[in-house]
Amino acid sequence: VKSKQPHVGTTIFTVMSKLATDMGALNLAQGFPSFNCSPELIDLVSFHLKKGHNQYAPMAGVPALKEAIAEKTADLYKVNYHPENEVTVVSGATEALYAAITAVVRPNDEVIVFEPAYDSYAPSVELNGGILVYITLKPPHYQIDWEVVKQKITPQTRLIMLNTPHNPTGKMLSMSDLNYLAEIVRDTNIFIISDEVYEHITFDGRPHISLMMHPTLQERTFICGSFGKTFHITGWKIGYCLAPKDLSVEFRKAHQWITFATSTPMQYALADFLKKPENYLAIPDFYQKKRDKFLSCIQSTRFTYTPAEGSFFQTVSYSGISEENDYDLAIRLTKEIGVASIPVSVFYHQKNDYKILRFCFAKDDGILEQAGERLRKI
Ligand code: PMP
Ligand code: GLN
C-alpha cells in the first residue's frame, strides 16, 4: 500500500503499554488509572442497560447529558452553552479534536500547534490537508512567548490548538495568557481548539482557566472535554465539545460522519452521575494526593522536576543521570527495572535531547511506592 501517512507509526501509548505488559513492568506510561471508577457509576450503567437504553442515541447526544454538561459548565465557569445546539457528546476527546479540526481546517490552511503536543493533533490536522506551524516550548518552564505566536500568524492561519492543563508537561494557562491570545487574534478569523480534558485535575488550589472564560475567545473556540479522565473511565470513550451555535453546526457536520452517535447507556449514566457536583468537585483533591504521593516516592531518586500544576502526569529530567536519549532510556527502564514511562521527545515533531520522561501517577499508592523504589536504582 502506498501509505497516505508514511511518517505515522504506532502511537507511543500502544508501544509502551505492550512493552510494559510483555515485561510485567509497572505501567506509568499510558495515561489511565489503575483503579476502578465509582461503584455508583457502574450501578447507573446497569440500571440504564436494564431499562432498555440500548439503541442509537441522538446524533448530538442524549438530552439529559447535554443538559447536565451545560449546567456543570455554567456552575463552574459562569458561561452558558445552550444544551440543544451548543453542546455535543462524542466518542472521547480524540473524536472531539478530530471533528473540530475537520470542521474548520481546509487544504493548505495553517494550524498553530504548541509542542510538546498530544500525539493526535498533528496527524488529525494533516489528514485534513492542514499545514502544521509548530511553536516549540522548552523545559523546564514550557512558557509560551506570545510575541513568537504573533510572528507565526499569517493570512493563512486558520486555527490555534491549545491544551490546559497540559499533557505531558502539567502546565496550566493563566488569564494573562488568554489576554495575550485575545489581543493577537482580535482582528482575525482564527479559530481555537482548547483541549481541556484535565479540567478537574488541578493542584495547589490553582483554578482551571478555561478558554470559554474570556468572552472574545469563547466566540471562536471549540472546548474539548472528556469524562475518561474525570471519572476514571478512559475505556468508555465519552467526551464532548462546547462551542457557540454556528461553530457547533459545523462540528456536528463532521461528528455525524465520524461516529454519528455515542454509547447510549453510558450517556444516561453520566447524566445522572453529573447531577451530584461532589462527584467532580472531589477530583482535584483526590489527584493532588496522588501527585504528592508520587513526588514523595521519587524524592530520593536522582531525577529533578518541577511539580505538575495539573493533569495526571509528572515530567522529570534525567540529565546528569544518563546520556541516553529518552526513548532508549524509557525502553531500558521498562525492561531492566520494570517501570514504564513515556519519552517526551515523541511529543515534538523533530528529535530533541531535552532528556525528559513522563510518568502517569493515576495509579494505586502501592504501585507508586514500588515505582519509587525501583527508580531509586538508577
Ligand atoms: N487530549 C489529551 C491532552 C489527552 O491526554 C487525551 C488522553 N487521553 C485525549 C485528548 C484523548 O481523550 P479521550 O480518551 O477522551 O479520547
Ligand atoms: N491520553 C493518554 C496519554 O497521554 C493516552 C490515550 C491513548 O492511549 N490514546 O497517555
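This structure is a prediction, so every number in the text was calculated from the model and none was measured.

Cut-off values and rules
- Residues numbered from 1 in each chain as written.
- Chains lettered and ligands numbered in written order.
- Predicted model: local features only at pLDDT ≥ 70, side-chain atom pairs only at ≥ 80, totals over all residues.
- pLDDT = per-residue confidence, 0-100.
- Pairing = 2+ DSSP bridges.
- Helix = DSSP H or I, 4+ residues; strand = E, 2+ residues; numbered from the N terminus.
- Axes fitted to C-alpha atoms, helices over the stretch in contact; angles between N-to-C directions.
- Contact = placed C-beta atoms within 7 Å.
- Left-handed = near helix turned anticlockwise from the far one by under 90°.
- Nonpolar A, V, L, I, M, F, W, Y, C, P; charged D, E, K, R; others polar.
- Domains from an automatic or database assignment.

1. Side note on the confidence of the model for the chain
Step number 1: Per-residue confidence for the chain gives a mean pLDDT of 97; residues scoring 70 or more make up 100%.
Step number 2: Complex prediction metrics read pTM 0.98 and ipTM 0.97.

2. Focus: the sheet that holds strand β4 (residues 131-136)
Step number 1: Strand order in the open sheet formed by 7 strands is β2-β8-β7-β6-β5-β3-β4, with mixed pairing between adjacent strands. Bordering the open sheet on either side are β2 (87-90) and β4, each of which pairs with just one other strand. Along the sheet, successive strands turn relative to each other by an average axial angle of 20°, direction set aside.
Step number 2: Two elements, strand β5 (residues 157-163) and strand β6 (residues 191-195), share 5 bridges in a ladder whose sense is parallel. Counted as the bridge partner of Leu159 is Phe191 from β6.
Step number 3: The strands touched by helix α3 (residues 63-77) are β2 and β8 (239-242); relative to β2, the strand with the most contacts, the crossing angle is about 120°.

3. Quick word on the packing of α3 against helix α11 (residues 264-274)
Step number 1: It is at 8 Å that the axes of α3 and α11 come closest, and there the two elements cross at 35°. α3 and α11 meet at a crossing whose hand is left-handed. Residues Ala64, Leu65, Ala68 and Lys72 of α3 pack against Gln267, Tyr268, Leu270, Ala271 and Leu274 of α11.
Step number 2: When the residues that make up the contact of α3 with α11 are grouped by side-chain class, the tally is 7 nonpolar, 1 polar and 1 charged.

4. Some words on the domain arrangement of the chain
Step number 1: Along its sequence, the chain is organised into domain 1 (12-30 + 285-375) and domain 2 (39-279).
Step number 2: Put simply, the middle of domain 1 and the middle of domain 2, counted by C-alpha atoms, are 26 Å apart.
Step number 3: Tallying the contact residues gives 23 residues for domain 1 and 23 residues for domain 2.
Step number 4: For the side of domain 1 that touches domain 2, the leading source of residues is strand β9 (residues 313-317), giving 4 residues.

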